[in-house]
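Here is what each chain is made of, one letter per residue.
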Amino acid sequence: MLPRGATYEAIRDAFRWRIPDRYNMGVDCCDRWADGSGRPALLHLHADGRVDRISFDAMKADSNRLANVLRAHRISRGDRVGVLLPQVPEAAVAHLAIYKLGAIAVPLFQLFQEQALEFRLRDSGASALVTDTTGLAKLGSIRAGLPDLRLVLNTDGAGDAALDLPYAMTRASDAFDPVDTAAEDPAIIIYTSGTTGAPKGALHAHRVLLGHLPGVEMPQDLFPRPGDLFWTPADWAWVGGLFDVLLPSLHHGVPVLAHRMAKFDPEFALRLMAAHGVRNAFLPPTALKMIRSVPKAVQYGAHPRSIGSGGETLGAELLEWGRGTFGVTINEFYGQTECNLVVSSCSAVMPARPGWMGRAVPGHEVAVVDSEGRRLPPDAIGTIAVRRPDPVMFLGYWNNPLATAAKFVGDWLLTGDQGVEDEAGWLRFVGRDDDVITSAGYRIGPSEIEDCLLQHPAVAMVAVIGLPDPLRTEAVTAIVVLTPGIVADAGLATELQGHVKTRLAAHSYPRQVIFQDALPLTATGKVMRGELRRCMVQGSD
Ligand code: ATP
Ligand code: MG
């Protein structure tokens with residue numbers, strides 16, 4: 001754990017990784033806490049408000065039973081096992097069982113429809129799937145196209161061509177000798193969000209969890225502390241839900257609040273945090289923007305000890321609003337499915353810098369480089385890169401050595417994101433490679449302009465993109481979703497343009513402001529700027 005009371009520099013310089021040769025995430029996150037004391041692992045909040053407390057002891061017994069069921073059906077080391085479940089205890093148990101078996105988990109988002117599921121199940125060659133009745137219904141029409149999938153387990157009981165998992169578990173032993181895995185052995189394939197194209201399967205080793213730990217301590221202001229209780233609305237199928245919340249908490253023996261939320265409801269999120277005393281939260285920027293639209297959000301009394309946010313730009317506006325609403329400084333962090341949580345703020349160690357993501361998390365070497373992997377001087381725009389070896393880094397894209405090779409230049413993993421680093425190692429996000437706008441010879445990042453527009457009370461959400469322009473190469477264009485109750489008129493567009501001109505820079509103000517009811521978002525709530533560009537260009541043809 002990172003030391004308390006030291007400066008960032010001292011913590012960073014003293015940090016050393018301790019990754020054992022043999023290591024298994026399932027054993028680490030469960031068995032070592034299962035000492036018969038009933039220590040709580042999950043607080044499961046049901047739709048009717050009931051809360052079940054699930055202990056590490058119960059999770060150990062259940063994950064052992066499930067591992068035995070899988071083994072009895074000849075699922076073994078290296079086999080891929082899909083987990084298509086919402087935030088319920090069975091999802092956590094499935095992960096633990098798969099790791100203890102030495103198999104490879106393939107988390108699948110509960111809201112995926114047939115095509116998304118078929119792509120991931122086929123690409124990963126999954127031979128088993130743990131799901132519920134809802135998941136089973138989606139499987140019906142695609143199963144014929146999945147020859148590798150020979151076992152489907154239904155957590156709700158009997159179902160079409162599926163094994164009744166609760167029944168099978170009552171007959172299975174609760175004793176299981178975990179497979180002796182190396183820290184370097186593959187454990188999980190997580191598909192990227194698909195913001196820029198087809199999602200890619202990032203294959204990770206067991207050590208990926210240890211690689212995450214300093215990265216979770218920073219945004220959660222030196223997590224864990226006594227009394228902590230972690231919650232996120234992000235589904236556990238994404239790297240953010242699984243490796244920034246669920247598994248690190250279980251590693252530390254800290255309970256997680258689990259609740260199935262099909263669609264993010266900002267008012268409910270405020271009530272949930274207040275009623276259940278959530279102490280630590282991961283709230284992506286889109287969720288924060290939605291909460292910001294709830295009238296009198298502060299009166300709900302949600303006061304977590306720490307809030308981390310990442311996956312998109314947080315920005316100065318949300319930071320300031322967060323202080324007023326939650327009474328804490330929201331810590332921004334940065335990473336990607338392939339190499340997650342490598343940059344972060346940490347208000348417990350250093351004051352936040354509005355508009356900047358944070359500094360390299362101790363243990364990770366992050367730099368801004370050119371296309372040949374040469375470090376750029378401070379304040380120059382370039383590619384954000386992470387040096388290998390790094391325990392949080394992926395093993396490669398599943399079945400795609402060419403894409404894996406293209407991700408690296410020498411020892412640098414190229415994130416595909418543009419950023420700036422200053423003298424003190426603070427990093428500012430400029431935009432994804434494809435989203436940086438070239439206008440009249442300038443390279444303009446959408447993030448800063450979006451953050452500036454968000455400060456205007458009429459703006460609830462905004463995406464800034466570059467559209468083809470004969471004069472300027474690209475013209476900065478803002479797509480704005482208005483705050484409920486505000487009606488667009490001709491004057492508002494001019495006002496928003498003036499807002500950017502006077503606060504940011506004259507060259508980056510949006511030449512065009514377009515009002516829309518909503519923005520295209522990925523399932524993880526990320527704005528699909530590429531999709532917006534394509535729609536706008538096609539629409540104007
Ligand atoms: P795909 O790779 O399939 O297009 P994706 O890159 O959105 O999808 P993820 O791995 O979920 O999939 O997202 C990682 C990306 O999210 C980063 O590469 C970066 O572009 C963006 N991101 C993460 N954290 C931040 C942050 N703090 N500020 C701005 N952008 C961020
Ligand atoms: Mg990506």
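Because the structure is predicted, anything quoted here is derived from the model rather than measured.

**Student:** I keep staring at the UniProt feature "domain: AMP-dependent synthetase/ligase" (unreviewed entry) in the protein chain and nothing clicks. Help me out?
**Tutor:** The UniProt entry lists residues 38–398 under the feature "domain: AMP-dependent synthetase/ligase" (unreviewed entry), expressed in the numbering used here. The distance from the first to the last C-alpha atom of residues 38–398 is 38 Å, and the span holds 30% helix and 23% strand.

**Student:** Sorry, what's going on with the pattern of salt bridges here?
**Tutor:** For the structure on display, the rule yields 30 salt bridges. For R305, the salt bridge is made with D228, and the minimal N-O distance between the two is 2.7 Å. Of this pair, R305 sits in the loop between helix 11 (285–292) and strand 13 (306–310) while D228 sits in the loop between helix 8 (208–217) and strand 10 (230–231); the two residues are 77 residues apart in sequence, bridging distant segments of the chain. Among the salt bridges present, the one from D370 reaches R374, with a minimum N-O distance of 2.9 Å. Relative accessible area serves as the criterion here: at 18%, D370 is assigned to the buried category. One network of salt bridges, with partners in common, ties together E312, D435, E450, R529 and R533.

**Student:** Just checking my understanding: could you explain the domain arrangement of the protein chain for this structure?
**Tutor:** Think of interface size as the accessible area that goes away when the parts come together; that is how it is often given. Partitioning the protein chain into structural domains gives domain 1 (1–17 + 206–364), domain 2 (26–205) and domain 3 (437–540). Averaged C-alpha coordinates put domain 1 and domain 2 at centres separated by 25 Å. Between domain 1 and domain 2 lies a buried interface of about 3,500 Å² when both sides are counted; carbon and sulfur atoms form 61% of it. The largest per-residue losses of area from domain 1 upon contact with domain 2 belong to H206, W238 and R260, which jointly make up 22% of the total buried on that side. Applying the counting rule to domain 1 against domain 2 returns two salt bridges. Close ionic contact of E184 with R207 constitutes a salt bridge, the shortest N to O distance being 2.9 Å. Counting across the domain 1 and domain 2 interface gives 20 residue pairs in polar contact (both at pLDDT 80 or more). Counting residues per element, the ones that place at least two in the side of domain 1 that touches domain 2 are helix 8, helix 9 (239–252), strand 11 (256–259) and helix 10 (266–275). For the side of domain 1 that touches domain 2, the leading source of residues is helix 9, giving eight residues. Class assignment for the residues of the side of domain 1 that touches domain 2 results in 25 nonpolar, eight polar and four charged.

Calculation criteria
- Residues numbered from 1 in each chain as written.
- Chains lettered and ligands numbered in written order.
- Predicted model: local features only at pLDDT ≥ 70, side-chain atom pairs only at ≥ 80, totals over all residues.
- Heavy atoms only, no water.
- UniProt positions renumbered as here; feature names shortened; annotations may be inferred.
- Helix = DSSP H or I, 4+ residues; strand = E, 2+ residues; numbered from the N terminus.
- Salt bridge = Lys/Arg side-chain N within 4 Å of Asp/Glu carboxyl O.
- Buried < 20%, exposed > 50% of the residue type's maximum accessible area, 1.4 Å probe, protein only.
- Domains from an automatic or database assignment.
- Buried area = accessible area lost by both parts, 1.4 Å probe.
- Polar contact = N/O pair within 3.5 Å; in protein donor to acceptor, adjacent residues only side chain to side chain.
- Nonpolar A, V, L, I, M, F, W, Y, C, P; charged D, E, K, R; others polar.

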